[in-house]
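Residue strings, one per chain:
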Amino acid sequence: MRRGQLCPPAIFRLLWWQAKEQLSVGNGDAEPVMPKFEVRDLESLDGRYDTVVCLDVLMHYPRSKADGMIAHLASLAEKRLILSFALKTLYYDLLKRVGELFPGPSKATRAYLHAEADVERALNKVGWKIRKRRLITMQFSFARLVEAVPA
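So, how was this worked out
- Residues numbered from 1 in each chain as written.
- Predicted model: local features only at pLDDT ≥ 70, side-chain atom pairs only at ≥ 80, totals over all residues.
- Heavy atoms only, no water.
- Buried < 20%, exposed > 50% of the residue type's maximum accessible area, 1.4 Å probe, protein only.
- Helix = DSSP H or I, 4+ residues; strand = E, 2+ residues; numbered from the N terminus.
- Arc of directions from axis to C-beta.
- Contact = heavy atoms within 4.5 Å.
- Axes fitted to C-alpha atoms, helices over the stretch in contact; angles between N-to-C directions.
- Parallel < 35°, antiparallel > 145°, perpendicular 65-115°, else oblique.
- Left-handed = near helix turned anticlockwise from the far one by under 90°.
- Nonpolar A, V, L, I, M, F, W, Y, C, P; charged D, E, K, R; others polar.

Our focus in this paragraph is helix α4 (residues 116-125). Three or more residues of α4 are buried, namely Glu116, Val119, Ala122 and Leu123. End-on view of α4: buried residues confined to an arc of 130°, all on one side of the axis. On its buried side, α4 packs onto α2 (63-76), β4 (77-86), β5 (128-137) and β6 (142-150). Looking at the residues trailing α4, positive phi occurs at Gly127, about 85°.

It is the contact of α2 with α4, at a shortest axis distance of 9 Å, that shows an interaxial angle of 40°. In terms of orientation, α2 lies oblique with respect to α4. Handedness of the α2/α4 crossing: right-handed. Residues Arg63, Asp67 and Ile70 of α2 form the contact with α4, whose participating residues are Asp118, Val119, Arg121, Ala122, Leu123 and Lys125. Tallied by class, residues from the contact of α2 with α4 come to 4 nonpolar, no polar and 5 charged.

Written out as structure tokens, the structure reads:
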């Protein structure tokens, strides 16, 4: 079996191993073609990809720019778009606003929170719909993971 190509940095080893495992199941005698995973600057990214994965990035985009980034990512994906974003909830929105009252960068998160409805609206605007959604819970935050497909 040929190995998949992973462009630096090698932070997506898990994706490579999952792809390798899936290709080894049920392929018979066919030689599998391993996918190429790339980590690149999203704003200058071009081309067409079966699946585009954007994890923990939208939290760095304010609401005014998030729609444009979602539209850009959707224009690159042919079959699937997987996104995660910091989920805007009343609790975290309030916590962030209280933290902004105190001096120093460590008092408030720099993450931009996004309402799920806003992300879904941005996807719908460019002809995509959410097929799956999962909540990611961590000790101090919530994030939403969505899989979108062309509508």
